[in-house]
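Summary of the model geometry
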Amino acid sequence: MSTSPHRTPDDQPEDRRNAVATGRTGKPTDRQNAAASGPADQHTDPHHAVATGRAGHNGVLFAMCLALVLVVASVSALNLALPDLAIDLSAGNGTLTWIADGYTVALAALVLPLGAIGDRIGRRNVLVAGTVVFGAASLAASFADSTTTLIVWRVVMGLGAAMIMPGTLSTITAAFPPEQRVKGVATWSGFAAAGAIIGMLAAGALLEWFSWRSIFVSSAAVALLAGVAALLLAPDTKDEHPSRPDVSGAVCTAVGIGTLVFAIIEGNERGWTEPVVIAALVVTVLAFTAYAWLGLRNEHPLLDPALFGIRGFRAGAITVLVQFMAVFGFFFVGLQYLQLILGYSPLKAAAALVPVAVVVLPTSQATPHLVRRVGMKATMTVGLLLLSAGLFVISRLDVGSGYLPFLGGLVLAGFGIGLSGAVGTSAITGSLGRGRQGVASAMNDTTREVGSAVGIALMGSVYGSHYRSNLPDSLDRLPPEAAEAARDSAAAGLHVADQLGARGAALADGVKSAFMDGLSASLVAVGVIVLVAAVGCLFRAPKTPPTSD
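Residues numbered from 1 in each chain as written. Predicted model: local features only at pLDDT ≥ 70, side-chain atom pairs only at ≥ 80, totals over all residues. Heavy atoms only, no water.

Some words on the confidence of the model for the protein chain
- Chain-level statistics for the protein chain give a pLDDT mean of 83 and a share of 87% at 70 or above.
- In this model residues 1-34 is a low-confidence stretch, pLDDT under 50, and it forms 56 contacts with partners more than four residues away in sequence or in other chains.
- Counting interchain partners and residues more than four positions distant, the pLDDT-below-50 stretch residues 36-50 has 41 contacts. (pLDDT = per-residue confidence, 0-100. Contact = heavy atoms within 4.5 Å.)

Digging into the packing of aromatic side chains
- Tallied over the full model, the rule gives 13 aromatic pairs.
- Plain terms: the ring middles of phenylalanine 308 and phenylalanine 313 are 5.6 Å apart, the flat faces sit at 80 degrees to each other, and that makes the pair edge-to-face.
- Judged by its relative accessible area of 28%, phenylalanine 308 is partly exposed.
- Relative to tyrosine 403, the ring of tyrosine 344 has its centre 6.3 Å away and its plane inclined at 50 degrees; by these criteria the two rings are tilted. Placement of tyrosine 344 in the loop between helix H13 (311-341) and helix H14 (346-351) and of tyrosine 403 in helix H17 (residues 403-430) is noted, with a sequence separation of 59 residues between them.
- We classify tyrosine 344 as buried; its relative accessible area is 17%.
- One Lys or Arg, lysine 348, reaches over the ring of tyrosine 344 and ends 4.3 Å from the middle of that ring. (Phe/Tyr/Trp six-rings, centres within 6.5 Å; stacked < 30°, edge-to-face > 60°. Buried < 20%, exposed > 50% of the residue type's maximum accessible area, 1.4 Å probe, protein only. Helix = DSSP H or I, 4+ residues; strand = E, 2+ residues; numbered from the N terminus. Lys NZ or Arg CZ within 6 Å of the ring centre and 35° of its normal.)

Description of helix H8 (residues 147-175)
- In this model, H8 (29 residues) spans 42 Å end to end at C-alpha, consistent with the 42 Å of a helix rising 1.5 Å per residue.
- Extensive coverage of H8 is indicated by the burial of 22 of its 29 residues. (Expected span 1.5 Å × (residues − 1).)

A word on the nonpolar core
- If you look at the biggest cluster of nonpolar residues, it comprises 160 residues, and the most contacted ones within it are Leu85, Leu353 and Phe515.
- Here the element with the most residues in this core is H13; it accounts for 19 residues.
- Once you skip the residues sitting within four places of it in the chain, phenylalanine 515 turns out to touch Val333, Gln336, Tyr337, Leu340, Ile341, Tyr463, Tyr467 and Ala490. (Core = buried A, V, L, I, M, F, W, Y, C linked by side-chain atoms within 4.5 Å.)

Things to note about empty space enclosed by the protein
- The full count for this structure, using the stated rule, is five cavities of 30 Å³ or more.
- By volume, the largest cavity is sized at about 90 Å³.
- Taken together, Ala326, Val327, Phe330, Phe331, Val356, Leu387, Leu391, Ile394, Leu410, Ala413 and Ile417 form the lining of the largest cavity.
- Broken down by secondary-structure element, the contributors of at least two residues to the lining of the largest cavity are H13, helix H16 (376-395) and H17.
- If one sorts the elements of the lining of the largest cavity by residue count, H13 sits on top with four residues. (1 Å grid on protein atoms, 1.4 Å probe; cavity = no way out; pocket = protein on both sides within 12 Å on 5 of 7 lines; lining within 4 Å. Points joined across faces, edges and corners; volume = space filled by probe spheres on them.)

A few points about the environment of leucine 432
- Structurally, leucine 432 is set in the loop between H17 and helix H18 (437-469).
- Looking at leucine 432, the relative accessible area reads 0%, which means it is buried.
- For the pair formed by leucine 432 and glycine 312, sequence separation is 120 residues and the distance between their alpha carbons is 9.4 Å.

Some points on H16
- For H16, built from 20 residues, the straight-helix expectation of 28 Å at 1.5 Å per residue is met to within 8% by its first-to-last C-alpha distance of 29 Å.
- At its buried positions, H16 is contacted by H13, helix H15 (354-374), H17 and helix H21 (505-540).

Some words on the side chain of serine 420
- Note that serine 420 resides in helix H17.
- A polar atom in the side chain of serine 420 sits 2.7 Å from the backbone oxygen of glycine 416.
- When residues no more than four places from it in sequence are discounted, the contact partners of serine 420 are Thr319, Gln323, Gly383 and Leu384. (Polar contact = N/O pair within 3.5 Å; in protein donor to acceptor, adjacent residues only side chain to side chain.)

Quick notes on the pattern of salt bridges
- Applying the stated criterion to the full structure yields one salt bridge.
- With a closest N to O distance of 2.6 Å, arginine 487 and aspartate 476 form a salt bridge. With arginine 487 in helix H19 (residues 480-488) and aspartate 476 in the loop between H18 and H19, this pair connects stretches of sequence that are 11 residues apart. (Salt bridge = Lys/Arg side-chain N within 4 Å of Asp/Glu carboxyl O.)

Let's talk about the packing of H19 against helix H20 (residues 490-499)
- Contact geometry of H19 with H20 gives a least axis separation of 5 Å together with a crossing angle of 140 degrees. It follows from the interaxial angle that H19 and H20 lie oblique. Two secondary-structure elements touch here, H19 through Ala482, Ala485 and Ala486 and H20 through Ala492, Gly493 and Val496. (Axes fitted to C-alpha atoms, helices over the stretch in contact; angles between N-to-C directions. Parallel < 35°, antiparallel > 145°, perpendicular 65-115°, else oblique.)

Regarding the packing of H13 against H17
- Remark: H13 packs on H17, axes separated minimally by 8 Å, with the N-to-C direction vectors making an angle of 155 degrees. When the axes of H13 and H17 are compared, the pair comes out roughly antiparallel. Of the two possible hands of crossing, H13 and H17 adopt the one that is left-handed. Side by side, H13 and H17 meet where Gly312, Phe313, Gly316, Ala317, Thr319, Val320, Gln323, Val327, Phe330, Tyr337 and Leu338 of the first sit next to Tyr403, Phe406, Leu410, Ile417, Ser420, Gly421, Gly424, Thr425, Ala427 and Ile428 of the second.
- In terms of residue class, the contact of H13 with H17 is built from 13 nonpolar, eight polar and no charged. (Left-handed = near helix turned anticlockwise from the far one by under 90°. Nonpolar A, V, L, I, M, F, W, Y, C, P; charged D, E, K, R; others polar.)

Quick notes on a nonpolar patch on the surface
- A cluster of nonpolar residues, Leu385, Leu531, Val535, Leu538 and Phe539, forms a patch on the protein surface that exposes about 450 Å² of accessible area.
- With four residues, the top contributor of residues to the nonpolar patch is H21.
- With respect to the element layout, phenylalanine 539 can be found in helix H21.
- Overall, phenylalanine 539 belongs to the exposed group, its relative accessible area being 60%. (Patch = residues over 30% accessible without salt bridge, like charges linked within 9 Å, V, L, I, M, F, W, Y side chains within 5 Å. Areas by Shrake-Rupley, 256 points an atom, 1.4 Å probe, with all protein chains shown as cover.)

Have a look at this one:
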């Protein structure tokens, strides 16, 4: 199969449904048909549709959702320990961002190629191996005595997570018969949304009695349990007709994602004109350009760039990307607001975010009915507008605002998350035929994790730079070590103020005020991105949802 080297935007694939919806004419190209439908795979094979483990479909669902929660919870759980890490390991804001994001960057960069390996050699095999890697790295991280060591082990945990994540949804869709598959996927989606809150609640409970190291020990234990459950309860499914590995696509996407996050974090830390930051941005552009150029010329690309020419697929990918950018970036800074400004314990801070899950889960369940009534474009746009509005509401808080205004913005954002997440995932999967659902699952995973990684990097960096620039001038009158600690992080600054006793009251007020300035700036930055995405959906998303063949 050949691809013209002079492809224009209008030549990009547009499936028959979207071609009609957008008024395009002309016969679909071979690549368009392949991208939208693809060859039949195990999803249409009755033998694979009924391949289950020892405990039937419920056992498969339990094992895969347990593995899923392990991966998702590890993105958010450590956020509760950031104040402790700042003091215990003398970690500044930039280092804290890397501790949180090292895991997510590795997961985002490797989820596509490792998912493809699972399709070839068996998804359960790769998933179980991933739980071993994840558990060993998590246990090793519990003994870390420096920020560098902790970041390294977090990256290795991300490698294990990238081995686990793709097989969870693909195993469910392969093991469940068509009439039960929708229910299985809906359950998976529910745990994917609730996993972050589950992780924070578990971490909050551990931090009430133990140190931050207990989070890693417990994660290792859950990884062991998830591996055993997968071995005992899940079938080992794989693609019966795998294509050749796309090494160039895997390298380009991994390099592009990694250098993008590096540039965002280090750009705010070192300055955007620093040679290393400029070099990272140049490499990012070159890597993604090479991915697109090579992918359009590869008969079996890791993720076909031509798919982004399908309007429903493109709209769904952007929606999921910006939603997770906002959600996990908010968790990174929002939990620190609850702990450092409101003085909540880790467990109370985690519980304060539970209303998000209470709103998101029923909203997600109601979204398909809403889409049938008002259409995909309207639902997607309103969801992103509500999410953006919630971020803007929270950005207006000050030191004395308390929890109720925070809760108001949280609930507003929760409705937006429920609407946009569900309709975004449906748009991705619905744009491709049944023979391409593995690709749809991989794209959904990738956009989630890339959004999470970029969101943490962006909000953490904007917060850190504004925090430092808004600290009071009186900081210079402190001993050099104390002043440097306060500049590194708000948690360290409040710790210094506490040690100063009565003399530290003014410093504490200044640190809290600077923290709120950083929080507000980071929320506005991401809120604007979500708002732009909402406007884009209003003008470019298909009115009606695509449906797979």
